[in-house]
Amino acid sequence: MPSPLFADRPAPQPPERGSVDALIRQTRRLRGDVDAVRRDASAEADDDILRRWQRALCDLAVHQLDDLGAHLDQLRAGKPDLSDDLRDGIPAQGTTARPPAARPAPLTGRVGSAEWNLLTDEVTWSDELYEIFGRPQESGPLSLDELPSLLFPEDQALLTAMVTACLIDGRPIDGEFRILTAQGRVRTLHMMGEPVLDTGGCTASMWAVLRDVSALRRSERALRDTRDSVQRRQHLVQTEERLVAELQEAVLPTRGGSLELARNGPAALDLAARHLPAASSPTARGDWSDALDLPGGDTLVTVGDLPGQGVAAASTLAMLLGALRGMAVAGIEPGALLGHLNQLLETSRQPALGSALCARYRPATGTFVWAQAANPAPLLFRDGTGRALTPPDGVLLGATSGAAYEQADVRLLPGDVLVLHTDGAGRAGTEARQNHLLALAPLLTRARSARECAETIVAELGGAERTDDACVMVARPDGRTA
């Protein structure tokens with residue numbers, strides 16, 4: 001119903017029927033697509049906060065599209081029929097304006113209409129409005145003075161202010177409030193209305209259209225709640241990632257993904273290591289490489305993998321590396337050292353399984369003494385060719401009680417290149433990984449430093465799609481620095 005307050009403005013022309021039909025078809029097609037996405041989201045686990053947020057967002061979109069479709073259907077139906085007694089919303093002298101016809105009820109809620117006649121005190125409600133308020137028709141409609149009694153106390157002042165502004169200042173009504181029906185149901189109503197003036201320009205009545213938007217507001221609240229849950233979870237994840245990064249930064253020497261240790265001397269060990277992140281989680285680290293100068297001139301060299309993510313896994317890794325370094329400084333040999341680490345993981349509060357290679361390089365004799373716990377064997381490159389060293393016996397750390405780890409040793413010659421790596425360093429399959437690395441023999445033996453060797457390996461393996469992170473360490477017993 002056009003408002004008499006704006007009767008001097010030209011009425012907008014109705015849209016062509018064909019364009020409205022096209023909009024209706026587009027809306028229905030979009031509604032079907034969104035509903036399909038909603039069904040897919042509903043099929044996922046309910047304990048996923050992000051999925052619940054997606055479902056709530058889809059529910060809200062479906063509600064709004066249903067509402068849009070109902071409005072377009074009404075638009076296609078055209079202007080509602082008006083009697084001769086009511087033209088342009090101005091009641092003829094001595095007659096009463098009828099309330100506007102209720103719109104088709106969209107899925108977002110039913111729509112009812114009402115008129116309060118100030119001259120006769122007559123109140124007219126549509127059938128839909130009685131249903132919205134849960135009020136039997138034989139009880140009659142509520143006057144403007146009675147209406148606030150059904151509202152929540154905190155909403156009554158809002159309705160009074162809107163009605164007063166409409167009746168006295170001629171302002172349109174547009175606001176929401178909550179009611180408590182006789183059946184004890186809480187509903188949120190959106191009220192829109194305007195004053196109806198008589199021929200003398202005085203307010204004769206007030207009409208309004210009220211829509212039940214309870215379902216829409218519930219969907220919006222669910223969306224806000226799930227969005228807040230997602231934000232809280234993201235904050236927790238970011239906090240945990242920061243803690244993990246700080247903890248790893250404190251215990252892992254490979255700052256920025258690389259480690260280099262070079263010393264001068266006739267049999268010093270030139271070392272370089274690189275961390276290769278997983279494609280799915282570039283910041284996660286379970287693999288490690290470490291090197292440490294020991295009392296007496298020996299060098300500790302170790303690589304390994306401790307699966308797991310989060311603060312707990314990072315704490316276990318810190319405990320493992322701390323124990324490893326301490327026992328190495330105390331002079332414990334690699335085989336016995338791995339035995340102690342196995343017992344440590346097995347009896348810890350958070351049991352874990354891990355693989356490792358632990359070695360001690362003795363520069364006085366050029367001997368590389370090593371033991372392994374389910375870690376790939378080192379690759380030795382000499383005179384342009386490469387081979388895998390024969391691994392001594394060893395099982396996963398934390399897998400069994402009282403496990404014994406044997407030792408092996410090899411004498412490194414000037415110009416040799418020794419490559420240590422973890423499981424995730426290459427392609428699928430241990431043999432395929434070793435073959436891929438062994439094929440680099442001509443390049444590695446021609447390299448001038450451990451750093452150059454490590455960069456060559458990263459250039460070959462760094463672009464591979466890995467499901468797990470990896471570490472590669474290169475050792476050269478020639479004492480040359482990069």
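Computed from a predicted structure; not experimentally measured.

K.L.:
Help me understand the packing of aromatic side chains, please; the structure alone is not making it clear to me.
P.N.:
In this description, an aromatic ring pair is defined by two values, namely the gap between the centres and the angle between the planes. If you walk through the whole model with that rule in mind, you get 2 aromatic pairs. Put simply, the rings of Trp125, Tyr130 and Phe133 pair up and form one aromatic cluster.

K.L.:
Got a minute to help me understand the side chain of Arg476 in this structure?
P.N.:
Here Arg476 shows up in strand β18 (residues 470-476). Of the residues examined, Arg476 reaches a relative accessible area of 1% and is grouped as buried. Of note is the side chain of Arg476, whose polar atom sits 3.2 Å from the backbone oxygen of Ala447. Once residues lying within four places of it in the same chain are set aside, the contact partners of Arg476 are Ala268, Leu269, Asp270, Asp416, Val417, Leu444, Ala447, Arg448, Ser449, Ala450 and Cys453.

K.L.:
It is not clear to me how the sheet that holds strand β6 (residues 186-197) should be interpreted in this structure. Could you clarify?
P.N.:
Across a sheet, paired strands are connected by hydrogen bonds in the backbone, their directions being either parallel or antiparallel. On the basis of which strands lie adjacent, the open sheet formed by 5 strands has the order β4-β3-β7-β6-β5 and antiparallel pairing. Every interior strand has two partners, whereas the edge strands, β4 (123-125) and β5 (173-180), have only one. The mean inter-strand angle of the sheet, taken between neighbouring strand axes irrespective of direction, is 25°. With 7 bridges joining them, strand β3 (residues 111-117) and strand β7 (residues 203-212) adopt antiparallel strand pairing. Paired with Val111 across the two strands is Arg211, which belongs to β7. Contacting β5, β6 and β7, helix α4 (residues 153-169) runs over the sheet at an angle of about 145° to β5.

K.L.:
Would you mind going over the sheet that holds strand β16 (residues 408-411) with me for this structure?
P.N.:
Spatially, 5 strands are ordered β10-β11-β12-β13-β16 in an open sheet, and the strand pairing comes out antiparallel. A strand with exactly one partner marks an edge of an open sheet, and here the two such strands are β10 (287-293) and β16. Within the sheet, the average angular offset between the axes of one strand and its neighbour, ignoring direction, is 15°. Pairing geometry for β10 and strand β11 (residues 299-305), over 7 bridges, is antiparallel. Pairing of Asp287 across the sheet is with Asp305, part of β11. The strands touched by helix α6 (residues 310-329) are β10, β11 and β12 (355-362); relative to β10, the strand with the most contacts, the crossing angle is about 25°. Against the sheet, helix α7 (residues 334-347) makes contact with β12 and β13 (367-373), and its axis sits at roughly 25° relative to β13, the strand it touches most.

K.L.:
Teacher, can you tell me more about the pattern of salt bridges here?
P.N.:
When the charged atoms of two side chains lie near each other, side chains of opposite charge can form a pair. The final tally for this structure, using the stated rule, is 18 salt bridges. Between Asp66 and Arg31 there is a salt bridge, with its nearest N and O atoms 2.9 Å apart. With Asp66 in helix α2 (residues 49-77) and Arg31 in helix α1 (residues 17-42), this residue pair connects regions lying 35 residues apart in the sequence. Across the pair Arg448 and Glu452 runs a salt bridge, and its minimum N-O distance is 3.5 Å. Using a relative accessible area of 63% as the deciding quantity, one classes Arg448 as exposed. On the basis of relative accessibility, which here comes to 28%, the residue Glu452 falls in the partly exposed class.

K.L.:
Could you clarify how one ought to interpret the pairing of β5 in this entry?
P.N.:
Along any regular strand the residues' side chains alternate between the sheet's two faces. Only one face of β5 is buried, namely the one carrying Ile173, Gly175, Phe177 and Ile179, since none of Asp174, Glu176, Arg178 and Leu180 on the opposite face is buried. Relative to β6, β5 runs antiparallel, the two sharing 8 bridges. Bridge pairing links Leu180 to Val186 in β6.

K.L.:
Please explain a positive patch on the surface as it appears in this structure.
P.N.:
A contiguous patch of positive charge, built from Arg218, Arg221, Arg224 and Arg227, is present on the exposed surface. Topologically, Arg227 is positioned in helix α5 (residues 214-251).

K.L.:
Would you explain the pairing of β6 in this entry?
P.N.:
For β6, the buried fraction is high: 10 of the 12 residues fall into the buried class. Connecting β5 to the antiparallel partner β6 that follows it, the hairpin turn spans 5 residues, and Gly184 within it adopts a positive phi of roughly 85°. Bridge count between β6 and β7: 9 bridges; the pairing is antiparallel. Across the sheet, the residue bridging to Gly193 is Ala208, located in β7. Where β6 hands over to β7, the hairpin turn is made up of 5 residues, of which Gly201 adopts a positive phi near 85°.

K.L.:
Which parts of the structure should I look at to understand the packing of α6 against α7?
P.N.:
Each pair of packed helices can be summarised by the angle the axes make with each other and by the distance between the axes. Relative to each other, α6 and α7 sit at 150°, their axes nearing to 10 Å. In terms of their interaxial angle, α6 and α7 are classed as roughly antiparallel. Between α6 and α7 the crossing geometry is right-handed. Residues Thr316, Met319, Leu320, Ala323, Leu324, Met327 and Ala328 of α6 form the contact with α7, whose own contacting residues are Leu337, His340, Leu341, Leu344 and Leu345. Split into classes, the residues belonging to the contact of α6 with α7 amount to 10 nonpolar, 2 polar and no charged.

K.L.:
Mind showing me how you'd approach the environment of Leu243 here?
P.N.:
Along the chain, Leu243 turns up in helix α5. When the C-alpha positions of Leu243 and Val311 are compared, they lie 6.9 Å apart, and in sequence the two are 68 residues distant.

K.L.:
Can you help me understand α6 in this one?
P.N.:
Residue pairs three or four apart in sequence face the same way in an α-helix, which turns once every 3.6 residues. Here α6 is 20 residues long and its end C-alpha atoms lie 29 Å apart, about the 28 Å a rise of 1.5 Å per residue gives. Within α6, burial applies to Gly310, Ala313, Ala314, Thr316, Leu317, Ala318, Leu320, Leu321, Leu324, Met327 and Ala328. Backbone geometry just after α6 places Gly331 at a positive phi near 90°.

Cut-offs and rules
- Residues numbered from 1 in each chain as written.
- Predicted model: local features only at pLDDT ≥ 70, side-chain atom pairs only at ≥ 80, totals over all residues.
- Heavy atoms only, no water.
- Phe/Tyr/Trp six-rings, centres within 6.5 Å; stacked < 30°, edge-to-face > 60°.
- Helix = DSSP H or I, 4+ residues; strand = E, 2+ residues; numbered from the N terminus.
- Buried < 20%, exposed > 50% of the residue type's maximum accessible area, 1.4 Å probe, protein only.
- Polar contact = N/O pair within 3.5 Å; in protein donor to acceptor, adjacent residues only side chain to side chain.
- Contact = heavy atoms within 4.5 Å.
- Pairing = 2+ DSSP bridges.
- Axes fitted to C-alpha atoms, helices over the stretch in contact; angles between N-to-C directions.
- Salt bridge = Lys/Arg side-chain N within 4 Å of Asp/Glu carboxyl O.
- Patch = residues over 30% accessible without salt bridge, like charges linked within 9 Å, V, L, I, M, F, W, Y side chains within 5 Å.
- Areas by Shrake-Rupley, 256 points an atom, 1.4 Å probe, with all protein chains shown as cover.
- Lys, Arg positive; Asp, Glu negative; His and termini not counted.
- Charge placed at Lys NZ, Arg CZ, Asp CG, Glu CD.
- Parallel < 35°, antiparallel > 145°, perpendicular 65-115°, else oblique.
- Left-handed = near helix turned anticlockwise from the far one by under 90°.
- Nonpolar A, V, L, I, M, F, W, Y, C, P; charged D, E, K, R; others polar.
- Expected span 1.5 Å × (residues − 1).

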